[in-house]
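What follows is the residue order along each chain.
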Amino acid sequence: MELIQQTPDLSAYLAADEVIDHHHPVVRSTAARLASRVMDSYTYAQTAYEFVRDSIPHSGDSGDPRVTWRASDVLEQRTGICHAKAHALAALLRAEDIPTALCYQRLRCDDSDGHIVHGLVAVRFGGAWHRQDPRGNKPGVDARFSLDGERLAWVPEKECNEADYPVLYAVPHPVVLNALQAAPDREALWKTLPTAL
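A brief look at the structure comes next. Computed from a predicted model, the values in this text were never measured in an experiment.

### Section: the packing of helix H2 (residues 41-55) against helix H5 (residues 82-95)
Turning to step 1, where the next piece is worked out: At a minimum axis distance of 10 Å, the contact between H2 and H5 shows a crossing angle of 155°. Considering their axes alone, H2 and H5 lie roughly antiparallel with respect to each other. Of the two elements, H2 crosses H5, and the hand of that crossing is right-handed. Of the residues in H5, those touching H2 at Tyr44, Ala45, Ala48, Tyr49, Phe51, Val52 and Arg53 are Lys85, Leu89, Leu92 and Leu93.
Turning to step 2, where the next piece is worked out: Taken together, the residues of the contact of H2 with H5 break down into nine nonpolar, no polar and two charged.

And the structure:
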């Protein structure tokens, strides 16, 4: 699949905003701590990915009812669904000048015939974009950081009406962000997350 930048301006994928708030002290201090352990941007990207994947539980797996959407809140509260974790990883990567995009998949829900939009990121190295899924591993899910072939949590099955969306967003998709911001808790969020983009 060919990934398509929503905007041709690469600087948009380094920008800070209300969601990917890499100017926030929590993000800056976390990024500095992770960067102090590594020698290059590739190793930093992998370290930041593994930190978000492994140190911030997916709230659906942990049963945490809180809904986070701002990167600094995800890092501070140590919880979030896939979209929130993608926002946190994007902020940590952008804090170290690594262009990072938000991207999405349409997947079947675990416990129904319905679908849900799943969030991940893409990082730019060597003049190309590489998708990464910081959702968090569990039985049946083994996502890994890779610039040599994708190691995502899930590969969409076309026969099940699942899909990869090729667009690389500089900011969260509005329907995803609106659902996150409006939800009083995770149970309500499950009912309002988009089923398609």
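More follows now that the structure is in view.
### Looking at the packing of helix H1 (residues 25-35) against H2
Turning to step 1, where the next piece is worked out: It is the contact of H1 with H2, at a shortest axis distance of 10 Å, that shows an interaxial angle of 120°. Put simply, H1 runs oblique to H2. For the pair H1 and H2, the crossing hand works out as right-handed. Across the interface between the two elements, Thr30, Ala31, Arg33, Leu34 and Ala35 of H1 pack against Tyr44, Thr47, Ala48 and Phe51 of H2.

### Things to note about the nonpolar core
Turning to step 1, where the next piece is worked out: One finds Tyr44, Leu75, Leu92, Leu93 and Leu102 to be the most contacted residues of the largest nonpolar core, which totals 48 residues.
Turning to step 2, where the next piece is worked out: Broken down by element, the residue count for this core peaks at nine residues, all from H5.
Turning to step 3, where the next piece is worked out: Leu3, Tyr13, Cys103 and Leu152 belong to the second largest nonpolar core, which has 10 residues in total.

### What to know about the pairing of strand E4 (residues 128-132)
Each regular strand displays side chains that alternate between the two surfaces of the sheet.
Turning to step 1, where the next piece is worked out: The buried fraction of E4 is high, at four of five residues.
Turning to step 2, where the next piece is worked out: As judged from the five bridges shared by strand E3 (residues 115-125) and E4, these two strands associate in the antiparallel manner. Residue pairing across strands places phenylalanine 125 opposite alanine 128, the latter belonging to E4.
Turning to step 3, where the next piece is worked out: Taking the residues between adjacent antiparallel strands as the criterion, E3 and E4 are bridged by two residues, where glycine 126 takes a positive phi near 60°.

### Focus on the environment of glutamate 187
Turning to step 1, where the next piece is worked out: Assignment of secondary structure puts glutamate 187 in helix H7 (residues 186-192).
Turning to step 2, where the next piece is worked out: Take glutamate 187: its relative accessible area is 56%, and that puts it in the exposed class.
Turning to step 3, where the next piece is worked out: Sequence spacing of glutamate 187 and alanine 88 is 99 residues, and the spatial spacing of their C-alpha atoms is 21 Å.

### Here we look at H2
Turning to step 1, where the next piece is worked out: Its 15 residues place the ends of H2 20 Å apart at the C-alpha level, agreeing with the 21 Å of an ideal helix rising 1.5 Å per residue.
Turning to step 2, where the next piece is worked out: Every buried residue of H2 is accounted for by Tyr44, Ala45, Thr47, Ala48, Tyr49, Phe51, Val52 and Arg53.
Turning to step 3, where the next piece is worked out: On the buried face of H2, the contacting elements are H1, helix H4 (71-77), H5, E3 and E4.
Turning to step 4, where the next piece is worked out: Two or three places before tyrosine 42, at the opening of H2, aspartate 40 has a side-chain oxygen 3.2 Å from that residue's backbone nitrogen.

Conventions and cut-offs
- Residues numbered from 1 in each chain as written.
- Predicted model: local features only at pLDDT ≥ 70, side-chain atom pairs only at ≥ 80, totals over all residues.
- Heavy atoms only, no water.
- Axes fitted to C-alpha atoms, helices over the stretch in contact; angles between N-to-C directions.
- Helix = DSSP H or I, 4+ residues; strand = E, 2+ residues; numbered from the N terminus.
- Parallel < 35°, antiparallel > 145°, perpendicular 65-115°, else oblique.
- Left-handed = near helix turned anticlockwise from the far one by under 90°.
- Contact = heavy atoms within 4.5 Å.
- Nonpolar A, V, L, I, M, F, W, Y, C, P; charged D, E, K, R; others polar.
- Core = buried A, V, L, I, M, F, W, Y, C linked by side-chain atoms within 4.5 Å.
- Buried < 20%, exposed > 50% of the residue type's maximum accessible area, 1.4 Å probe, protein only.
- Pairing = 2+ DSSP bridges.
- Expected span 1.5 Å × (residues − 1).
- Polar contact = N/O pair within 3.5 Å; in protein donor to acceptor, adjacent residues only side chain to side chain.

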